[in-house]
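Here is what each chain is made of, one letter per residue.
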Amino acid sequence: MGITLKGGIMSPRNLVWVLCIGGIIVGCQVAEGLLSKKQGTTYQAEGIRINKTFGLMTPEQFVENIKSSLNFDDEYLLESIMSDHLLALGGVDFRTVKQRSHIPSGQSQLTIHRLAWEIAQKVVETDVILEGKKEPPRAFTEVTIAVDRPYLPDDIRLPPEIQFSIKQGDRRYHAQLNELYWRLLSRPPSDAEVENMTKLFIQTLASENSAVASWKAVLFVLLASMEYWNI
Amino acid sequence: MNDGTKKPYHPSRRQLLQTFAATSALGTLHRGPWGALIRAASMAGAGAGTMGGLDIGTQSAQAAEERGPVPRLVLIFLDGGWNNYFAIDPVYGKRLTNGAFESVFASHTLRAPPSKPNLLTGIGFQDALPAFDSIPTVFVNGLNVEIAAHDAAANYLLTGRSAIGRTLTEPAVTAVIATKRGGLASHLVLGGSVPLGETIQIAAPLMTTGNALGGLLTPPGSQFKEETRQALEEALSAHNQVFFSSLGDKAIASLQAFVDSQKDVSNAFKNFANKLNLDDEMKTRYDVASNGNMGDFAAAWLALKHDLTTIVSIRFGGFDTHTNELNSQLPLQRQVALALNAFVADLRATPDPRDPQNSLADTTTIVLTSEFTRTAKFNDTAGTDHQNSASAIIMGRGVRDNRLIGGTSETGEVMGWDGEKPVTKTEETMIDGSTLVATLLDQFGLGEVANQVSSRRIRGIF
């Protein structure tokens, strides 16, 4: 039964259309909200708990991951991971070790720290060079590495035009942080993580006087993290 | 399927170790040499009367906590097959005239340490004479090599057992002894890998090169200011905590091993950072400029000095000199001899960190060997080929002094050993890789395992 007259503006057929279109709009908004890369929309904020079984990433997976997620192409380092660090990362050479280990040892951890630091440095430095040449960066696509930084409370004392510029950089900083999380961890950072990383960025900037150093520190933390290495 | 009693996730390392012995796989191993090791570990760690205790995890943890004096072992392996006629089985007497040896040997002057006439040394290893003179040393020659192919022969010398195929399934003697030790580096492997077999699940070694060891134990961001480095550590810890807080019980349990091993790293950075880097003076002393691999000797000394480990394996490549013997094998031997000399001098001058009354030379046994020796005659390209015999230099703790064990004939053929002198080779008198490994295992308190490798020992070394 129609709400008004048969064939009128609110006929049952039209009502179905309205509901469908409305449903699609609402659905899109919900989906956008869920998939948004904006802060505060992570599983942690939603109280979702991960309860799967984790195992250490294999050296082969690690090499493929940094190649694809960071466009890392330092052949020397990539080869050394497979030759010098294969067994340390639980790999198998089928000669002296015939059984893969997903259980990390002290050696695995030392190697993870070493590689995370080396790769973080190389990725950032490569993009700084590309930035200087006005060529497309590989991993730092959202930010001007050496310039952009978070907006600090003390910045309020600066002239408005400088503040405006810093705020633009702040937006790019957050976009880049999001970008790194998506590339390496396939998710956006939680509010707590943004706070943690921004604290590290600012501390490093203050002590080393270099946003480049700050990005190295941030990328290192992601590459050495428990979440990154356990899949 | 999870029935509620079995863990459906990866167990932690400790859990794995504790349950390892109960698995059917280990049940199989129990019938072999590993059974003897496990029983020996139980006896040694928990005292007699605990034969039923197959708890390797507990044994390993106890070993890690033991800080008392322990015998140390350094195994130096020259990959490719060294030419022993330049080293500890030199050419003199009838060998110079019987036509079996290259004529160039006649021009070589042989020398022995002043107080040890039995240790006659060829020109390749004479730079190590002060080392031979300063600590107890024996030369072992005439170890029988059945198959003079690199992998098979190396495996036999390292493990005492034959390998079927190219996969080395049995652990090296150092890896076996390391299962009785604990800590971050129960076994330090420098310059190449050694067969680890199942021991990798019990006592994973620290594997790197001497020049890279210091870097591995240096915390990331070390070029930054201390406050930055501190901030890095805190940020990583905070990131991991946020992640951890989002996990359920199953996920947390599966990550326990990762969390545990992170503690190892914190301790390693705290205890060893900047202590294992080779400085310029060390590089000069070990002649790293001539051969970068000699840094492995220096790193081994530093690792023992700072008690990073008690067991070290070092592998040096390049000895498979099928061409131009005098310009390839000989310089390489001299580099090793010089570095060995520096190594022994450093061990003598360094108190054992666990036993300061004694020097590291008093508490460390050094074994230098290679998969086989090389032919007495040069080939068409002035190099040498593989010979079915092997040799070893054994020095330091527990070693009898100034002794020549085993031997080869006037034409370089392997002879037997009756405990006093070389004799005709028979099944009873033959010495080889398995008897050498068994002798070492015995010396390090693993008599039962040794018996599984060989029922015989090489008499006269220890």
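The preceding data block contains the structure.
All values derive from a computational prediction rather than experimental measurement.

1. Some thoughts on the overall build of chain B
Phase 1: Within chain B one finds 18 helices and 14 strands.
Phase 2: The burial tally for chain B puts 58% of its 462 residues in the buried class.
Phase 3: Taking as baseline every contact in chain B between residues at least 6 positions apart, the subset at least 24 positions apart corresponds to 68%.
Phase 4: A total of about 17,600 Å² of accessible surface is found on chain B, and carbon and sulfur atoms cover 50% of it.

2. Here we look at the overall build of chain A
Phase 1: Scanning chain A from N- to C-terminus turns up 8 helices and 0 strands.
Phase 2: For chain A, the α and β elements follow one another from N to C terminus as α-α-α-α-α-α-α-α.
Phase 3: By the burial criterion, 48% of the 231 residues in chain A qualify as buried.
Phase 4: For chain A, the proportion of contacts with a sequence separation of at least 24, taken over those separated by at least 6, is 62%.
Phase 5: For chain A, the exposed area adds up to about 11,700 Å²; of that, 59% sits on carbon and sulfur atoms.

3. Examining the sheet that holds strand β2 (residues 137-144) of chain B
Residues and elements named next belong to chain B.
Phase 1: Spatial strand order, β4-β3-β5-β1-β8-β11-β2-β12: 8 strands in an open sheet with mixed pairing. Two strands in the sheet have a free side with no partner beyond their single neighbour: β4 (206-208) and β12 (403-406). Ignoring strand direction, the axes of neighbouring strands in this sheet form an average angle of 15°.
Phase 2: Two elements, strand β1 (residues 72-78) and strand β5 (residues 311-316), share 6 bridges in a ladder whose sense is parallel. Note on β5: the bridge partner recorded for isoleucine 76 is isoleucine 314.
Phase 3: Docked against the sheet, helix α6 (residues 150-159) engages β1, β2, β5, β8 (364-370) and β11 (389-396), running at close to 165° with respect to β1.

4. Considerations on the packing of helix α2 (residues 59-70) of chain A against helix α4 (residues 106-132) of chain A
Helix-helix packing is described using two parameters, namely the angle between the two axes and the distance between the axes.
Residue and element names in this part refer to chain A.
Phase 1: Where α2 contacts α4, the two axes come as close as 13 Å, and the packing angle between them is 20°. Judged by the angle between their axes, α2 and α4 are roughly parallel. Remark: the crossing between α2 and α4 carries right-handed chirality. Taking contact as the criterion, the partners of Phe62, Ile66 and Leu70 in α2 are, on α4, Leu115, Ile119 and Val123.
Phase 2: The class makeup of the residues in the contact of α2 with α4 is 6 nonpolar, no polar and no charged.

5. Re the interface of chain B and chain A
Note on interface size: it is often stated as the accessible area lost on association of the parts.
Phase 1: Counting from both sides, the interface comprises 62 residues of chain B and, opposite them, 59 residues of chain A.
Phase 2: By the criterion of area lost to chain A, the three top residues of chain B are His239(B), Phe243(B) and Phe258(B), representing 14% of everything that side buries.
Phase 3: Linking chain B to chain A there are 0 salt bridges.
Phase 4: Applying the counting rule to chain B against chain A returns 19 residue pairs in polar contact (both at pLDDT 80 or more).
Phase 5: Going through the elements one at a time, α1 (13-20), α8 (199-202), β4, α9 (210-216), α10 (226-245), α11 (249-254) and α12 (256-272) of chain B are the ones with two or more residues in the side of chain B that touches chain A.
Phase 6: Sort the elements by how many residues they give to the side of chain B that touches chain A and α10(B) lands first, with 13 residues.

6. Description of the pairing of β8(B)
Residues and elements named next belong to chain B.
Phase 1: For β8, a buried count of 7 out of 7 residues is recorded, marking the element as mostly surrounded by other parts of the structure.
Phase 2: Here β8 shows two buried faces, one formed by Thr364, Ile366, Leu368 and Ser370 and the other by Thr365, Val367 and Thr369.
Phase 3: Note that β1 and β8 share 7 bridges and pair parallel. Of the residues in β8, the one forming a bridge with leucine 75 is valine 367.
Phase 4: One ladder, built from 5 bridges, connects β8 with β11; its direction is antiparallel. What sits directly across from threonine 365, in β11, is glycine 396.

7. Some details on α10(B)
Note that an α-helix has 3.6 residues per turn; residues three or four places apart therefore point the same way.
All names here are of chain B.
Phase 1: Spanning 20 residues, α10 covers 28 Å between terminal C-alpha atoms, matching the ideal 28 Å at 1.5 Å per step.
Phase 2: All of the buried residues in α10 are Thr228, Arg229, Ala231, Leu232, Ala235, Leu236, His239, Asn240, Val242 and Phe243. All buried residues of α10 fall inside an arc of 165° around its axis, so they share one side.

8. What to know about the pattern of salt bridges
Phase 1: Counted under the stated rule, the structure contains 26 salt bridges over all chains.
Phase 2: The partner of Glu60(A) in a salt bridge is Arg100(A), and the shortest N-O contact between them spans 3.4 Å. Taken as a pair, Glu60(A) in helix α2 and Arg100(A) in the loop between α3 (75-83) and α4 lie far apart in primary sequence, 40 residues in all.
Phase 3: A salt bridge links Asp79(B) to Arg315(B), with the nearest nitrogen and oxygen atoms 2.7 Å apart. One end of the pair, Asp79(B), is in the loop between β1 and α5 (129-134); the other, Arg315(B), is in strand β5, with 236 residues separating them in the sequence. Accessibility assignment for this pair places Asp79(B) and Arg315(B) in one class, buried.
Phase 4: Residues participating in the shared-partner salt-bridge network are Arg72(B), Asp307(B), Asp352(B) and Arg354(B).

9. What about helix α6 (residues 191-208) of chain A?
Phase 1: Its 18 residues give α6(A) an end-to-end C-alpha distance of 25 Å, which sits within 8% of 26 Å, the value for a rise of 1.5 Å per residue.
Phase 2: Turning to α6(A), its buried residues number three or more, namely Glu193(A), Val194(A), Asn196(A), Met197(A), Thr198(A), Leu200(A), Phe201(A), Thr204(A), Leu205(A), Ser207(A) and Glu208(A).
Phase 3: Buried residues along α6(A) sit in contact with α5 (160-185), α7 (211-223) and α8 (226-229) of chain A together with α10 of chain B.
Phase 4: Just downstream of α6(A) lies Asn209(A), where phi reads positive at about 55°.

10. Here we look at unusual backbone geometry
Phase 1: Located in the positive-phi region is Lys134(A), a residue other than glycine, with phi close to 60°.
Phase 2: Position of Lys134(A) relative to the elements: it lies in the loop between α4 and α5.
Phase 3: For Asn402(B), which is not glycine, the phi dihedral falls at a positive 55°.
Phase 4: Mapped onto the fold, Asn402(B) is located in the loop between β11 and β12.

11. Section: the packing of aromatic side chains
Phase 1: Considering all chains together, one arrives at 18 aromatic pairs over all chains under this definition.
Phase 2: Measuring from centroid to centroid gives 5.7 Å for Phe54(A) and Phe243(B), while their planes differ by 75°, and the two rings are edge-to-face. Of this pair, Phe54(A) sits in the loop between α1 (12-35) and α2 while Phe243(B) sits in helix α10, each in a different chain.
Phase 3: You can call Phe54(A) buried: its relative accessible area is 5%.

12. Section: the pairing of β5(B)
Phase 1: In terms of burial, β5(B) is largely enclosed, as 6 of its 6 residues are buried.
Phase 2: Residues Ile311(B), Ser313(B) and Arg315(B) of β5(B) are buried on one face, and the alternating residues Val312(B), Ile314(B) and Phe316(B), pointing to the opposite face, are buried as well.

13. With respect to the environment of Val221(A)
Residues and elements named next belong to chain A.
Phase 1: Residue position: valine 221 is located in helix α7.
Phase 2: Overall, valine 221 belongs to the buried group, its relative accessible area being 0%.
Phase 3: Taking the C-alpha atoms as reference, valine 221 lies 8.6 Å from methionine 197; in sequence the two are 24 residues apart.

14. Points about the packing of α2(A) against α3(A)
Residues and elements named next belong to chain A.
Phase 1: One can describe the packing of α2 onto α3 by two numbers: an axis separation of 9 Å at closest approach and a directional angle of 165°. With respect to α3, the axis of α2 lies roughly antiparallel. With respect to the hand of their crossing, α2 and α3 are arranged in right-handed fashion. Every residue of α3 that contacts α2 at Pro59, Glu60, Phe62, Val63, Ile66 and Lys67 is listed here: Leu78, Ile81 and Met82.
Phase 2: Residues belonging to the contact of α2 with α3 are distributed by class as follows: 7 nonpolar, no polar and 2 charged.

So, how was this worked out
Within each chain, residue numbers correspond to sequence positions counted from 1 in written order. Here the convention is simple: chains get letters from A, ligands get numbers from 1, in the order in which they are written. The predicted nature of this model means local features are confined to residues of pLDDT at least 70 and side-chain atom pairs, given and counted, to a pLDDT of 80 or more, with totals for whole chains, interfaces and linings taken over all residues. Where side-chain values are given, they derive from all heavy atoms of the structure, hydrogens and water being excluded. Each helix is a run of H or I in the DSSP string that is no shorter than four residues. Each strand is a run of E no shorter than two, and both are numbered from the N terminus. The buried label goes to any residue with under 20% of its type's maximum accessible area, the exposed label to any with over 50%, and the partly exposed label to all in between, with areas taken from a 1.4 Å probe on protein chains only. Residues count as neighbours in contact if any of their non-hydrogen atoms are within 4.5 Å of one another. A 1.4 Å probe and the Shrake-Rupley method give the accessible areas. Residues count as covered only by the protein chains that appear here. Note: two strands are recorded as paired if DSSP finds a minimum of 2 bridges between them. Axes, fitted as lines to C-alpha atoms, cover a helix only where it is in contact. Angles between the N-to-C directions of the axes lie from 0 to 180 degrees. With respect to orientation, any angle under 35 degrees is reported as roughly parallel, any angle over 145 as roughly antiparallel, any angle of 65 to 115 as roughly perpendicular, and every other angle as oblique. When the near helix sits turned anticlockwise from the far one by under a right angle, the crossing is termed left-handed; a clockwise turn instead gives a right-handed crossing. Ten residue types, Ala, Val, Leu, Ile, Met, Phe, Trp, Tyr, Cys and Pro, are classed as nonpolar, four, Asp, Glu, Lys and Arg, as charged, and the remainder, Gly among them, as polar. The term buried area refers to how much accessible surface (probe radius 1.4 Å) is lost by two components on association, counted for both of them together. In the sections that follow, a salt bridge refers to a side-chain nitrogen of Lys or Arg positioned within 4 Å of a carboxyl oxygen of Asp or Glu. Whenever two N or O atoms come within 3.5 Å, that pair is a polar contact, provided that in protein one can donate a hydrogen and the other can accept it, and provided that, for residues adjacent in sequence, both atoms are side-chain atoms. A helix is expected to reach a length of 1.5 Å times the quantity of its residues less one. Working note: the arc is built from the helix axis to C-beta atom directions. Stacked, edge-to-face and tilted are the three classes for Phe, Tyr and Trp ring pairs, Trp counted by its six-membered ring, which pair at centre distances within 6.5 Å; planes under 30 degrees apart are stacked, over 60 edge-to-face, the rest tilted.

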